[in-house]
Amino acid sequence: MKYRRFGKIDWQVSSLGFGAMRLPTIGGDRAKIDEAEAVKMIRYAIDHGVNYVDTAYRYHDGNSEILVGKALKDGYREKIKLATKMPVRLVNSKEDLDRIFNEQLVKLQTDHIDFYLLHGIRKAGWSKVKELNILRWAEKQLAKRRIRHLGFSFHDEFPVFKEVVDGYDGWSFCQIQYNYIDSESSSRTPGMRGLKYAASKDLGVVVMEPIQGGNLAVKPPLEIQALWDEEKTGMSPAELALQWVWNQPEVSLLLSGMSTIRQVIENIAGADRSGIGKLTDKELNFIGKVRERYLSYGFIGCTGCRYCTPCPNEVAIPEIMALYNQFYTKKNDRNAQREIAAKYGETIPVENRAERCLKCGECETKCPQQLPIRSLLTRAARSFKETSEQAA
């Protein structure tokens, strides 16, 4: 395992962190974690050098912290630094802060959190942090050593990011969405500009969604696959995306939300091969070409975080978005689009399909990517219907 500097903190962090947002589940139910497999994965990662484990209050419908607490028994808690997050969206009073934080300590079976984040900060969330004096509450926990380092995770554009970074002197680190597609500032990420600004302030920078929620790991469109076949990089699309992030000196570590032991093994091997400035000019130019081609297709931007669930009318939003993301990027491959449309009909029950959307908008208030989910569901329903009818 390779280790890297973590901002101003006198500690070396593993280049790969274990993100506990996409743990293996039973029967496709996000709330039902496959406990034995998940514990095995986390402990395997720690045994092979991972020393940063990240979870959050809302992951797996509240069960991720419980699972992580179990995985860190038998001496594993002492081997790592533990990160979790305060769900600012759910906080309306100091009592909420105390209740949620105490609940997290119980779930995680610990008396302190090493790296505590204010979760999913955007412009509105930052205003709420100031209005409710959440930072004052956090400082009291820091004084009691129940929190060791304070940071924030972020989903907004660079000007807001800069305002948050500059708005409090006590930050030790931050967490941003960053990958070779999301390298420019947008409504969901401060991009490379934010990465460099945070590093200039000596903050540790944790990167989430390095493969854009899996979008950069799936089979690419035909034209991009042709580029891949021609280049023969020797790396999978997923590893190349990870190596691009690791290549940059401002990155402290990247988080991978791993769902299988195979992914854990592959990512640890990739981390062992990683290094700052290790990619060649040829590899960087190739990534640039792939990025341009992907951007010409476009992504709808969903990373599968599932914050939009549960839907009041039981629409399977994350599953539909995943299929529509694949469909959307394969505009020039009608065969692939027909297969995806057929998969929609085969795997999404009628009562959970996009057509069931009531346009209430609740999902959009929760989406960290600020996606127009109602519009996307309408477009997905129409696209899948028209493609299936044409294939009939």
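The text that follows walks through the structure, step by step, so that each part is easy to find. Given the structure is predicted, the values throughout are model-derived calculations rather than measurements.

## Observations concerning the overall build of the chain
Secondary structure summary: the chain contains 15 helices and 12 strands in total. Looking at the chain residue by residue over its 392 residues, the buried ones come to 56%. Residue pairs at least 24 apart in sequence account for 76% of intrachain contacts in the chain once pairs closer than 6 positions are excluded. Accessible area of the chain: about 16700 Å², with a carbon and sulfur share of 49%.

## As for the environment of Arg356
Topologically, Arg356 is positioned in the loop between helix 13 (334-347) and helix 14 (362-366). Expressed as a C-alpha distance, the spacing of Arg356 and Asn92, which sit 264 residues apart in the sequence, is 32 Å. Sequence-distant contacts of Arg356, defined by excluding residues within four places in its chain, comprise Asn313, Val315, Val350 and Glu351.

## A few points about the packing of aromatic side chains
On inspection of all chains with the given rule, the structure shows 24 aromatic pairs. Consider the rings of Trp126 and Trp171, whose centres lie 6.3 Å apart with planes at 45°: the pair is tilted. Within this pair, whereas Trp126 is found in helix 4 (residues 123-131), its partner Trp171 is found in the loop between helix 6 (158-166) and strand 10 (173-177), the two being separated by 45 residues in sequence. Across this residue pair, the class does not change: Trp126 and Trp171 are buried. Taken together, the aromatic side chains of Trp126, Phe152, Phe154, Phe161, Tyr168 and Trp171 make up a single cluster linked through ring pairs. The aromatic ring of Tyr307 is capped on one face by Arg58, whose charged end is 5.3 Å from the ring centroid. One residue, Arg353, lies across the ring of Tyr344, its end atom 5.8 Å from the ring centre.

## Observations concerning the sheet that holds strand 12 (residues 253-256)
The strand order 3-6-7-8-9-10-11-12 describes a closed barrel built from eight strands, whose pairing is parallel. Neighbour to neighbour, the strand axes of the sheet diverge by 30° on average, direction disregarded. Across four bridges, strand 7 (residues 81-86) lies against strand 8 (residues 113-121) in parallel orientation. Residue pairing in the sheet places Ala83 in a bridge with Phe115 of strand 8.

## Remarks on the environment of Ala138
Looking at the secondary structure, you find Ala138 in helix 5 (residues 134-143). A relative accessible area of 0% places Ala138 in the buried class. Discounting chain neighbours no more than four positions away, the residues touching Ala138 are Ile147 and Leu150.

## Topic: the pairing of strand 1 (residues 3-6)
For strand 1 and strand 2 (residues 9-14), the ladder comprises four bridges, and the chain directions are antiparallel. Pairing of Arg4 across the sheet is with Val13, part of strand 2. Hairpin connection from strand 1 to strand 2: two residues lie between these consecutive antiparallel strands, with Gly7 at a positive phi of about 60°.

## Points about the nonpolar core
Ranked by size, the top nonpolar core spans 84 residues in total, and within it Phe18, Leu118, Phe152 and Trp171 carry the most contacts. For Phe18, the residues in contact, after removing those within four places along its chain, are Leu23, Met41, Ile42, Ala45, Val50, Tyr52, Val53, Asp54, Leu255, Ser256, Met258 and Val264. Grouped together as the second largest cluster of nonpolar side chains are 27 residues, Cys302, Val315, Ala341 and Cys357 included.

## Side note on unusual backbone geometry
With an omega of 0°, the peptide bond between Thr309 and Pro310 qualifies as cis. One can find Pro310 in the loop between helix 11 (281-297) and helix 12 (317-329). Of note in this structure, Asn133 is not a glycine but carries a positive phi near 55°. In this model, Asp202 sits at a positive phi of 65°, which is unusual for a non-glycine residue.

Rules of the game
Residues numbered from 1 in each chain as written. Predicted model: local features only at pLDDT ≥ 70, side-chain atom pairs only at ≥ 80, totals over all residues. Heavy atoms only, no water. Helix = DSSP H or I, 4+ residues; strand = E, 2+ residues; numbered from the N terminus. Buried < 20%, exposed > 50% of the residue type's maximum accessible area, 1.4 Å probe, protein only. Contact = heavy atoms within 4.5 Å. Areas by Shrake-Rupley, 256 points an atom, 1.4 Å probe, with all protein chains shown as cover. Phe/Tyr/Trp six-rings, centres within 6.5 Å; stacked < 30°, edge-to-face > 60°. Lys NZ or Arg CZ within 6 Å of the ring centre and 35° of its normal. Pairing = 2+ DSSP bridges. Axes fitted to C-alpha atoms, helices over the stretch in contact; angles between N-to-C directions. Core = buried A, V, L, I, M, F, W, Y, C linked by side-chain atoms within 4.5 Å.

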